[in-house]
Amino acid sequence: MNYIRTSFSQAVIEMFENADSRLKNDYPDLEENSVAAYLFGGSAVHMHIGSRTSDDVDADIQTKKPLKAYEVITKALTSVEYDDEEGLPRNIIWDGGFSTTLGAVACDYEDRATLVHVCENKLVYLYLISAADIAVSKISRSSPRDLDDIKGLYKTGLFTLAEFEELAESAIAYCAVTPSKLRFNVLEVIKELKEVRA
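(A) View of the packing of helix 1 (residues 7-26) against helix 3 (residues 69-76). One can describe the packing of helix 1 onto helix 3 by two numbers: an axis separation of 10 Å at closest approach and a directional angle of 110°. Here helix 1 lies roughly perpendicular to helix 3, going by the angle between them. The residues of helix 3 that touch helix 1, namely those facing Asn18, Ala19, Arg22, Leu23 and Asp26, are Val72, Lys75 and Ala76.

Here it is, written out as structure tokens:
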């Protein structure tokens, strides 16, 4: 969480601050902490180790009644323009295609998440999932970028091989994707991580 104050991280926070303001206008009677947003993907990797940025924001949105996650996503989360660390204009958008049900995610990932920001109206709370949970969430696709992210998180000592294996097994048991493919990907990632520490 050393990279929460970078221009990219602040743009991510601005996206949720904007959502918080819109929700306050549209739903004036909402109680505090009506929306919990759990960051995944490149945004979460960046906030942990600052290795890269992303053009979109992946997050699991959880809401309290009467608010529905669909309403938050379609009405309140909009793109944000910002200047990156080199002063170049950039833009981030909400990734409407992200879902924790489509990938490998341990069912109790929220228990290991860290609260990183409470928005001004206190309607939206922003959480950063643990480095180990990010690594596990990337095993479904296991693209070269995903592997680089996993290795980058591992190199900084944010999780151990044992933690990764345990959470991966939990995610496989919970995930709807083919378990055999995920197990194969886990074994391949473990081989790569062992070489990182060798």
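Structure shown, so let's carry the discussion forward.
(B) Region of the structure containing the packing of aromatic side chains. Summed over the entire model, instances satisfying the criterion amount to 7 aromatic pairs. When the ring of Phe40 is compared with that of Phe98, the centres are 5.1 Å apart and the planes differ by 40°; the resulting orientation is tilted. In this pair, Phe40 is assigned in strand 1 (residues 35-40) and Phe98 in the loop between strand 4 (89-94) and strand 5 (114-118), connecting sequence segments 58 residues apart. Site record: aromatic cluster; members linked through ring pairs are Tyr38, Phe40, Phe98, Tyr109 and Tyr127.

(C) Representation of the side chain of Ser34 in the model. Of note, Ser34 is situated in the loop between helix 1 and strand 1. We classify Ser34 as buried; its relative accessible area is 2%. Of the polar contacts made by the side chain of Ser34, one reaches the backbone oxygen of Glu31; its length is 2.6 Å.

(D) View of the pairing of strand 6 (residues 124-128). For strand 6, the tally of buried residues reaches 5 of 5 residues, placing the bulk of the element in the interior. Judged by which residues are buried, strand 6 turns out to be covered on both faces: Val124, Leu126 and Leu128 on one side and Tyr125 and Tyr127 on the other are all buried. Bridge count between strand 1 and strand 6: 5 bridges; the pairing is parallel. Across the sheet, the residue bridging to Val35 is Val124, located in strand 6. Here 4 bridges tie strand 5 to strand 6, and the two strands are oriented antiparallel to one another. Bridge pairing in strand 6 places Leu115 opposite Tyr127.

(E) Focus on helix 1. Between the first and last C-alpha of helix 1 there are 28 Å, a value that for 20 residues agrees with the 28 Å anticipated at 1.5 Å per step. Listed in full, the buried residues belonging to helix 1 are Ser7, Phe8, Ser9, Ala11, Val12, Ile13, Met15, Phe16, Glu17, Ala19, Asp20 and Leu23.

(F) Spotlight on the sheet that holds strand 5. What the 6 strands build is an open sheet, ordered 3-4-2-1-6-5; its pairing is mixed. This sheet does not close on itself; its edge strands, each paired only once, are strand 3 (80-83) and strand 5. With strand direction ignored, the average angle separating the axes of adjacent strands in the sheet is 30°. Packing of helix 1 onto the sheet brings it into contact with strand 1, strand 2 (56-63), strand 3, strand 4, strand 5 and strand 6, and relative to strand 3 it is tilted by some 150°. Against the sheet, helix 3 makes contact with strand 1, strand 2 and strand 4, and its axis sits at roughly 145° relative to strand 2, the strand it touches most.

(G) Highlighting unusual backbone geometry. In this chain, Lys65 is followed by Pro66 through a cis amide linkage whose omega measures 10°. As for its position among the elements, Pro66 is in the loop between strand 2 and helix 3. Unlike most non-glycine residues, Lys122 shows phi in positive territory, near 60°. With respect to the helices and strands, Lys122 occurs in the loop between strand 5 and strand 6. Not every positive phi belongs to a glycine, and Ser142 is a case in point at roughly 50°. Secondary-structure assignment places Ser142 in the loop between helix 4 (131-137) and helix 5 (144-155).

What counts and what doesn't
- In every chain, residue numbers begin from 1 and rise along the written sequence.
- Owing to the predicted nature of the model, reporting of local features is limited to residues with pLDDT of at least 70; listing and counting of side-chain atom pairs is limited to 80 or more, with chain, interface and lining totals taken over all residues.
- To get the side-chain values, take all heavy atoms of the structure and skip hydrogens and water.
- Fitted lines through C-alpha atoms serve as axes, helices being fitted only where they are in contact, and the angles separating the N-to-C directions of these axes extend from 0 to 180 degrees.
- In this description a helix means any DSSP run of H or I spanning at least four residues, a strand means any run of E spanning at least two, and both kinds are numbered starting from the N terminus.
- Here is the rule for angles: anything less than 35 degrees is roughly parallel, anything more than 145 is roughly antiparallel, 65 through 115 is roughly perpendicular, and the remaining ranges are oblique.
- Two residues qualify as a contact provided that any one of their heavy atoms is within 4.5 Å of a heavy atom in the partner residue.
- Only Phe, Tyr and Trp rings take part, Trp by its six-membered ring, and two of them pair if their centres are within 6.5 Å. Stacked means planes under 30 degrees apart, edge-to-face means over 60, and tilted covers everything else.
- The cut-offs for exposure are 20% and 50% of the maximum accessible area for each residue type, with area from a 1.4 Å probe on protein chains only; residues under the lower value are buried, those over the upper are exposed, and the others partly exposed.
- In protein, a polar contact means a hydrogen-donor-capable atom and an acceptor-capable atom, both N or O and within 3.5 Å, with residues adjacent in sequence counting only if both atoms are side-chain atoms; elsewhere, any N or O pair within 3.5 Å suffices.
- We treat two strands as partners when DSSP finds at least two bridges between them.
- One less than the residue count of a helix, multiplied by 1.5 Å, gives the span that helix is expected to have.

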